[in-house]
Every structure is written in structure tokens, then in C-alpha cells.
Amino acid sequence: MTPAIELEKLGRAYGERAALADVSLTVEAGRTLVVFGPNGAGKSTLLRILATLLRPTAGTVRVLGEELPRRAWAVRGRIGLLGHEPLLYRELSARENLRYHARLHQVPEARIEELLDAVGMARRAQDPVATLSRGMVQRVAVARAVLHDPELLLLDEPRANLDPAAAELVDPLLRGRTRVVTSHDPAGGLADADIALGLRGGRPALLAAAGEVKPEQIGALYR
């Protein structure tokens, strides 16, 4: 099978500052890559490149068999992104936001109600997003990210703002497909991962099968 992600000497610079440099790895379909590193290490930059929102300035990138950025249009509808920004219109309700995205992806209306129920937001679905708590907004953002049943999920700290009960609701929706997940939780992140990537200063400081990595090795990235 074609790997889901192939990176070779990937780099991204902002002027003279390198946000990412020399990142090379392969993620097979159905596997989970968890990316660790302190703030500013390049984790979100990596996700944005994979999501076709940023162009690399060095190296090669293939996502779902397509070369980026040249073939970005061919993969955008096959990716689900859950970033720090929920990508929801604050003046619209949760249901209206999902309805908007469903039309973009030609997803049946029944899928909207299924997901609102799955994330525990059916009772608040008519409320404007601006009136919801941060945890509720995160739940709606999860529903948006998986609405079109993407082949690849790009998840920037997906449990942010979620209490344990809410995390238990959304976790099943985020499994069962290829994933790239950023995390600051060494033990929890390794438990989710097939492959662990540690970034420091935009460069790989660790890359190994998750079973070969100890939490203290991840902790060392933050010192």
C-alpha cells in the first residue's frame, strides 16, 4: 500500500528562521504518528504543511500518495484538521456550522445529527457557538473534523479544554484511521502512538517506534 505520509528533508523557514528542518519519516496507512516538543518546536507548522495550509520551503512531502503543494487540491477533501482554532463561525449555531461543512463535502444531513449526539451536543445544537464553553466548542470542532469521514486526521492537542467525560465521548470518533497528533503528555501520547517524533528547535531530536521510547525521553525534549 502507498504510505499515508512521506517526508524527506522537509523544511519550512520564515525569513532566516527555520521553523522546521530535515524532517524525514514515513507513516503507513492506519498508523498514528504522535509529535512531541516544547512550544515553538515546529509541531503546529508540521500539521499546517500536511493540511496544505503552508508550503514547505525545502524537501519533499507526499500525503495520501499526492505530492504537496503541487497536488494539494487532490487531498484537501480527504483530510480532517483539528487545530487550536476550531474553524467554526461564532455567530452560527453548532448545527448550522456542521450543516455548512456538510454541504461543502456533500455529506448527508443525517450525519450531522449522528455526530451531535455522539459528542453530547444535541441539546445545545441550536445555540450560537459564541455562547458555548471552550470544551463544548472543542466537541463541535471534533464533529466538524470527522464529518466527512476523512482518511487522515491531523490533531493539534485534541483533548485540549475537554474534561474526562467529554474526552471519553470524542475519543472513539478520532480513532480507526491514519492520524498525526501533537501532544505534551509523554505517557498518554506514547500510549496512542505507533511512531513517536520529538522536535526541538524545528529539528527531529527523536524518531522511533513508540514501543521503543520511554516517557523520560520525551520529557527530556522540554528541558
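The structure under discussion appears in the preceding block.
None of the values given here were measured: they were computed from a predicted structure.

A. Main features of a nonpolar patch on the surface. A cluster of nonpolar residues, Tyr89, Tyr100 and Leu104, forms a patch on the protein surface that exposes about 310 Å² of accessible area. Tracing the backbone through its elements, the reader meets Tyr89 in the loop between strand E6 (79-82) and helix H2 (94-105). According to the relative accessible area criterion, Tyr89 is partly exposed, its value standing at 39%.

B. Layout of the sheet that holds strand E2 (residues 17-27). The strand order across the open sheet formed by four strands is E2-E1-E4-E5, and the pairing between neighbours is antiparallel. Each of the sheet's edge strands pairs with one partner strand only, and the pair in question is E2 and strand E5 (66-68). Neighbour-to-neighbour, the strand axes of the sheet open up by a mean angle of 30 degrees, direction not taken into account. As defined by bridge partners, strand E1 (residues 5-14) adjoins strand E4 (residues 58-63) across five bridges and the pair is classed as antiparallel. The residue bridging Glu6 from the neighbouring strand is Arg62, located in E4.

C. Structural detail: the nonpolar core. Of all hydrophobic cores here, the largest spans 42 residues; its most connected members are Phe36, Leu116, Met121, Leu190 and Ile218. Looking at this core, the elements that each hand over two or more residues are strand E3 (32-36), H2, helix H3 (109-118), helix H4 (134-146), strand E7 (152-156) and helix H5 (164-170). Considering each element in turn, this core owes the most residues, eight residues, to H4. What Met121 contacts, discounting residues up to four positions off in sequence, is Leu116, Leu132, Met136, Arg139 and Val140.

D. Focus on the side chain of Thr178. Looking at the secondary structure, you find Thr178 in strand E8 (residues 178-183). Reaching out from Thr178, the side chain makes a polar contact with the backbone nitrogen of Gly30 at a distance of 2.7 Å. With near-sequence residues (within four places) excluded, Thr178 lies in contact with Ala4, Val27, Glu28, Ala29, Gly30, Arg31, Glu151, Leu152 and Leu153.

E. Spatial organisation of the pairing of E4. Alignment of E4 against E5, held across three bridges, turns out to be antiparallel. Bridge assignment links Val61 to a residue of E5, and that residue is Leu68. In sequence, E4 turns back onto E5 through a hairpin of two residues, with Leu64 there showing a positive phi of about 55 degrees.

F. Layout of the packing of aromatic side chains. Inspection of the entire model under this criterion finds one aromatic pair. Arranged with centres 5.6 Å apart and planes meeting at 85 degrees, the rings of Tyr89 and Tyr100 form a pair that is edge-to-face. Taken together, the residues Tyr89 in the loop between E6 and H2 and Tyr100 in helix H2 connect sequence positions eleven residues apart. Classification of Tyr100 as partly exposed rests on a relative accessible area of 36%. Over the ring of Tyr14 we find Arg12, and its NZ or CZ is 4.6 Å from the ring centre.

G. Representation of the pairing of strand E9 (residues 195-200) within the structure. Within E9, five of the six residues are buried, leaving the element largely enclosed by the surrounding structure. When E9 meets strand E10 (residues 203-209), the two strands line up antiparallel, connected through six bridges. Bridge assignment links Leu199 to a residue of E10, and that residue is Pro204.

H. Representation of the pattern of salt bridges. Scanning the model with the defined rule gives 13 salt bridges in all. The closest approach of N and O atoms between Arg70 and Glu67, which form a salt bridge, is 3.6 Å. Shared partners join several salt bridges into a network, and the residues in it are Arg159, Asp171, Arg175 and Asp192.

I. Expanded view of the packing of H2 against H3. Contact geometry of H2 with H3 gives a least axis separation of 10 Å together with a crossing angle of 140 degrees. When the interaxial angle is binned, H2 and H3 end up oblique. Here H2 runs over H3; the crossing is right-handed. Mapping the contact onto sequence places Ala94, Arg95, Leu98, Arg99 and Ala102 in H2 and Glu109, Ile112, Glu113 and Leu116 in H3. Looking at the contact of H2 with H3, its residues break down into five nonpolar, no polar and four charged.

J. Inspection of helix H1 (residues 43-50) at higher detail. Of all the eight residues making up H1, six are buried; the element is thus mostly covered by neighbouring parts of the structure. Within H1, the full set of buried residues consists of Lys43, Thr45, Leu46, Leu47, Ile49 and Leu50. Two residues or fewer past H1, Thr52 is found with a positive phi of approximately 70 degrees.

The rules behind these values
Residues numbered from 1 in each chain as written. Predicted model: local features only at pLDDT ≥ 70, side-chain atom pairs only at ≥ 80, totals over all residues. Heavy atoms only, no water. Patch = residues over 30% accessible without salt bridge, like charges linked within 9 Å, V, L, I, M, F, W, Y side chains within 5 Å. Areas by Shrake-Rupley, 256 points an atom, 1.4 Å probe, with all protein chains shown as cover. Salt bridge = Lys/Arg side-chain N within 4 Å of Asp/Glu carboxyl O. Helix = DSSP H or I, 4+ residues; strand = E, 2+ residues; numbered from the N terminus. Buried < 20%, exposed > 50% of the residue type's maximum accessible area, 1.4 Å probe, protein only. Pairing = 2+ DSSP bridges. Axes fitted to C-alpha atoms, helices over the stretch in contact; angles between N-to-C directions. Core = buried A, V, L, I, M, F, W, Y, C linked by side-chain atoms within 4.5 Å. Contact = heavy atoms within 4.5 Å. Polar contact = N/O pair within 3.5 Å; in protein donor to acceptor, adjacent residues only side chain to side chain. Phe/Tyr/Trp six-rings, centres within 6.5 Å; stacked < 30°, edge-to-face > 60°. Lys NZ or Arg CZ within 6 Å of the ring centre and 35° of its normal. Parallel < 35°, antiparallel > 145°, perpendicular 65-115°, else oblique. Left-handed = near helix turned anticlockwise from the far one by under 90°. Nonpolar A, V, L, I, M, F, W, Y, C, P; charged D, E, K, R; others polar.

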